[in-house]
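Next come the chains, spelled out residue by residue.
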Amino acid sequence: MTVYGSFPGARPRRLRTTPAMRRMVAETQVRPADLILPAFVREGIGAPVPISAMPGVVQHTRDTLRKAAVDAVSAGVAGIMLFGVPEDAKKDAIGTAGTDPEGILQVALRDVRAEVGDDLVIMSDLCLDETTDHGHCGVLDESGRVDNDATLERYAEMAQVQADAGAHVVAPSGMMDGQVGVIRDALDTIDKEDVSILAYTVKYSSAFYGPFREAVGSSLRGDRKTYQQDPANARESLRELELDLAEGADMVMVKPAGPYLDILGKVADSVSVPVAAYQISGEYAMIEAAAEKGWIDRDQAILESLTGIKRAGANMILTYWATEVAGRL
């Protein structure tokens, strides 16, 4: 005699039986349009320069950057975030190359905009660290500390030249108090109301930035703990979020992504604007290194890490695998 309703009556495994079934019921899916490609362009080189700590990532020439942008469009990637690496001789105490219309980042913005137009959302890193001889994200005062308000004046200038060069989005990453409001005013003053601000709202002082410093040829002396957030703090992130939104941020970001999925979830649950997360250089390097050793399946680990970021609440993910993953998806 058959007894109906006997244990186990509910069998969740029924929805895991085949790849097609699993795809159909998947709650989270990473799409090419979720991805943004961070890219580095370096002044004064004739060929791309590999970044040793980030296998597969290079400092581009202007020509190879244009090709990378075209490839990203072809793969369906949503956007590209540009970082400029000037010649060392052009770095100075106030980051003059960051506001020079002929600085490498501004030149690269014009190149990419001319190449792909509006087919790719062109984003520009708005920070002084790549262009200062001390490597900090702002102007230093007489005691060697980052001067918040003097730095804001420089950020306003940077926003204007980047917008003039063709950026659809400017992305202030320096974690200066009041940066979003100052940048919004600066853009509106030159009739660039349509240029969006992607605020680095939550940016932790992280050990995982190491490979990035090679990528941008950082001249950093000391650390950034007085302006980037303490990894021990969570509520502070929501305070930063409230302030950035009040100042006019169009989108907000959490950086790094993987070690701070709890923060990403809190931010995503708190806002109605798009939320980005940056899978940073150290996260990339760990997966690549473990895969090279044969300890993990590279492709599966990449997609799993991105799925976790998306599941935590990110609408957009900045990842160095953007074009590769978009092509596979």
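About the thresholds
Every chain is numbered on its own, with residues counted from 1 as its sequence reads. Where totals are concerned, whole chains, interfaces and linings use all residues; where local detail is concerned, this predicted model gives features only for residues with pLDDT of at least 70, and gives and counts side-chain atom pairs only at 80 or more. Side-chain descriptors were evaluated using all non-hydrogen atoms of the structure, hydrogens and water having been removed beforehand. Each salt bridge in this description consists of a side-chain nitrogen of Lys or Arg and a carboxyl oxygen of Asp or Glu lying within 4 Å of one another. Numbering of helices and strands starts at the N terminus; helices are DSSP runs of H or I of at least 4 residues and strands are runs of E of at least 2. For every residue, the accessible area (1.4 Å probe, protein chains only) is compared with the maximum for its type, and the residue is labelled buried under 20%, exposed over 50%, or partly exposed between those bounds. Positive: Lys, Arg. Negative: Asp, Glu. His and the chain ends are not part of the count. We call two residues in contact whenever any of their non-hydrogen atoms come within 4.5 Å of each other. Each Phe, Tyr or Trp ring, with Trp reduced to its six-membered ring, pairs with another whose centre is within 6.5 Å; inter-plane angles below 30 degrees give stacked pairs, above 60 give edge-to-face pairs, and intermediate values give tilted ones. Should the NZ of a Lys or the CZ of an Arg lie within 6 Å of a ring centre and within 35 degrees of the ring normal, that charge is described as sitting over the ring. We treat two strands as partners when DSSP finds at least two bridges between them. We call a crossover right-handed when, viewed with the strands running away from us, the connection from the first strand over the helix to the second turns clockwise.

Q: What is the right way to read the pattern of salt bridges from this model?
A: Opposite charge on two side chains permits them to pair, given that their charged atoms come into close proximity. Counted by the stated rule, this structure contains 19 salt bridges. Note that Arg31 is salt-bridged to Asp34, the shortest N-O span being 2.8 Å. Between Arg298 and Glu324 there is a salt bridge, with its nearest N and O atoms 2.7 Å apart. Within this pair, whereas Arg298 is found in helix H10 (residues 298-312), its partner Glu324 is found in helix H11 (residues 322-328), the two being separated by 26 residues in sequence. Looking at Glu324, the relative accessible area reads 31%, which means it is partly exposed. One salt-bridge network, in which partners are shared between bridges, spans Arg62, Asp63, Arg66, Asp111 and Glu115.

Q: Before we go on, may I ask you to explain the side chain of Asp244 in this structure?
A: Within the element layout of this structure, Asp244 appears in helix H7 (residues 235-247). One buried charged residue, Asp244, forms no salt bridge at all, with the nearest opposite charge on Arg239 at 11 Å. Residues contacting Asp244, with those up to four places away along its chain left out, are Val180, Ala199, Tyr200, Thr201 and Ala249.

Q: Just checking my understanding: could you explain the packing of aromatic side chains for this structure?
A: The tally for this structure, following the rule as stated, stands at 6 aromatic pairs. When the centroid spacing of 4.1 Å and the interplanar angle of 5° are considered together, the rings of Tyr204 and Tyr260 count as stacked. With Tyr204 in the loop between strand S7 (196-203) and helix H6 (210-215) and Tyr260 in the loop between strand S8 (251-255) and helix H8 (261-270), this pair connects stretches of sequence that are 56 residues apart. We note that Tyr204, like Tyr260, is buried. Between Tyr278 and Tyr320, the ring centres sit 6.1 Å apart and the planes meet at 50°, which makes this aromatic pair tilted. Of this pair, Tyr278 sits in strand S9 (residues 275-278) while Tyr320 sits in the loop between strand S10 (316-318) and H11; the two residues are 42 residues apart in sequence, bridging distant segments of the chain. The same class applies to Tyr278 as to Tyr320, namely buried. Members of the aromatic cluster, each reached through a chain of ring pairs, are Phe40, Phe83, Tyr278, Tyr284, Tyr320 and Trp321. For the cation-ring pair, Lys203 lies above Tyr209, with the distance from its terminal atom to the ring centre recorded as 6.0 Å.

Q: Looking at this model, I keep getting lost on the pairing of strand S4 (residues 79-85). Mind explaining?
A: For a regular strand, the rule is simple: side chains alternate between the two faces of the sheet. Within S4, 7 of the 7 residues are buried, which leaves the element mostly enclosed by the surrounding structure. Of the two faces of S4, both are covered, the one formed by Gly79, Met81, Phe83 and Val85 as well as the one formed by Ile80, Leu82 and Gly84. Relative to S4, strand S1 (residues 35-42) is paired through 7 bridges, and the arrangement is parallel. Pairing of Val41 across the sheet is with Gly84, part of S4. Crossover connection from S4 via helix H3 (residues 104-116) to parallel strand S5 (residues 121-126): handedness right-handed.

Just distances and angles here, no functional claims.
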